[in-house]
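Coordinates in review
Next come the chains, spelled out residue by residue.
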Amino acid sequence: MIPLFTFWPENCVSLAKRELWLTGPFGLGAWLCGTIYINRLDHQSARKTMETAAELIIKKKLKVAIFPEGTRNYNGSMLPFKKGAFHLAVTGQVPIIPVVFSSYDKFYSKNDKRFDEGNVLVEVLPPIPTTGLKTEDVATLTETTRNQMLACFDRISQEMK
């Protein structure tokens, strides 16, 4: 999150799993900043949250930062993407702006309980339009976006080594 704050756009909120609400001051602070919490364990509730977010995108021209892997990944690559973010973009007919962070495994390890000084490269890829796309296009959009981001992740992570 810290590198994101260096270029966070105006009128932007994040979408986060509801469990983060329970993280004490971070959860409360994120909520005060407009974070939309989604209950990933309740499909009906998650769908309703996404519909509400789509309405906000359209009505308030809101930008939503989403982490499509759905959870933090510690294996040095990228997990498969969840489709919710892509459904949201297609519903709102708004472009996807992929933001890729290089690996941070040189200075952070949850297993080793290590968080040292380090650097991260961040690359913003060209917008991916969703104008005219429909629900049936979401799977392809998701995979195409992931492939572009994974290629960038591999390249910039290699640069950091």
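Residues numbered from 1 in each chain as written. Predicted model: local features only at pLDDT ≥ 70, side-chain atom pairs only at ≥ 80, totals over all residues. Heavy atoms only, no water.

Before going further, it helps to examine the overall build of the protein chain. Regarding its fold elements, the protein chain presents four helices and seven strands. Walking the protein chain from its N terminus toward its C terminus, one meets helices and strands in the order β-α-β-α-β-α-β-β-β-β-α. Taken against the 2.2 N^0.38 rule, which gives 15 Å for 161 residues, the C-alpha radius of gyration of the protein chain at 16 Å falls within 12% of a compact globule. Counting only C-alpha atoms, the protein chain reaches 40 × 35 × 30 Å along its principal axes. Across the 161 residues in the protein chain, those meeting the buried criterion constitute 33%. As displayed, the protein chain offers around 10500 Å² of accessible surface, 58% of which is attributable to carbon and sulfur atoms. Across the protein chain, the mean location of the 20 positive side-chain charges is 5 Å away from that of the 16 negative side-chain charges. (Helix = DSSP H or I, 4+ residues; strand = E, 2+ residues; numbered from the N terminus. Rg over C-alpha atoms; globule rule 2.2 N^0.38 Å. Buried < 20%, exposed > 50% of the residue type's maximum accessible area, 1.4 Å probe, protein only. Areas by Shrake-Rupley, 256 points an atom, 1.4 Å probe, with all protein chains shown as cover. Lys, Arg positive; Asp, Glu negative; His and termini not counted. Charge placed at Lys NZ, Arg CZ, Asp CG, Glu CD.)

What the rule picks out here adds up to one aromatic pair. Where Phe81 meets Phe86, the ring centres are 6.1 Å apart and the plane angle is 15°; that geometry is what we call stacked. Given a relative accessible area of 10%, Phe81 falls into the buried group. (Phe/Tyr/Trp six-rings, centres within 6.5 Å; stacked < 30°, edge-to-face > 60°.)

A few words now on the layout of surface pockets. Volume-wise, the second largest pocket comes out at about 190 Å³. Along its surface, the second largest pocket is lined by 14 residues, and Ser103, Asp105, Ser157, Gln158 and Lys161 are the ones closest to its centre. For the lining of the second largest pocket, the residue count by class is four nonpolar, six polar and four charged. (1 Å grid on protein atoms, 1.4 Å probe; cavity = no way out; pocket = protein on both sides within 12 Å on 5 of 7 lines; lining within 4 Å. Points joined across faces, edges and corners; volume = space filled by probe spheres on them. Nonpolar A, V, L, I, M, F, W, Y, C, P; charged D, E, K, R; others polar.)

This part takes up unusual backbone geometry. The phi dihedral of Gln93 falls on the positive side, at around 50°, and the residue is not glycine. By the secondary structure assignment, Gln93 is in the loop between α3 (84-92) and β4 (99-101). Classification of Gln93 by relative accessible area gives partly exposed; the value is 33%.

For soluble globular proteins, the rule of thumb is that nonpolar side chains tend to be buried together. Counting 17 residues, the largest nonpolar core has Met78, Phe86, Ile96, Val100, Leu141 and Met149 as the members making the most contacts within it. Secondary structure elements with two or more residues in this core: α3 and α4 (138-160). Broken down by element, this core gets its largest block of residues, seven residues, from α4. Sequence-distant contacts of Val100, that is, excluding residues within four places in its chain, are made with Leu121, Val122, Glu123, Leu125, Met149, Cys152, Phe153 and Ile156. In this structure, Val13, Ile38, Ala46 and Ile57 belong to the second largest nonpolar core, which totals 11 residues. (Core = buried A, V, L, I, M, F, W, Y, C linked by side-chain atoms within 4.5 Å. Contact = heavy atoms within 4.5 Å.)

Two elements in contact, α3 and α4, have axes separated by 9 Å at closest approach and are oriented at 115°. The handedness of the crossing between α3 and α4 is right-handed. On α4, the residues touching Phe86, His87 and Val90 of α3 are Val138, Leu141, Thr142 and Thr145. Across the contact of α3 with α4, the residue classes break down as four nonpolar, three polar and no charged. (Axes fitted to C-alpha atoms, helices over the stretch in contact; angles between N-to-C directions. Left-handed = near helix turned anticlockwise from the far one by under 90°.)

UniProt records the feature "transmembrane region" (unreviewed entry) for residues 20-38 in the present numbering. Structurally, residues 20-38 is divided into 42% helix and 16% strand, and its ends, taken at the C-alpha atoms, are 10 Å apart. (UniProt positions renumbered as here; feature names shortened; annotations may be inferred.)

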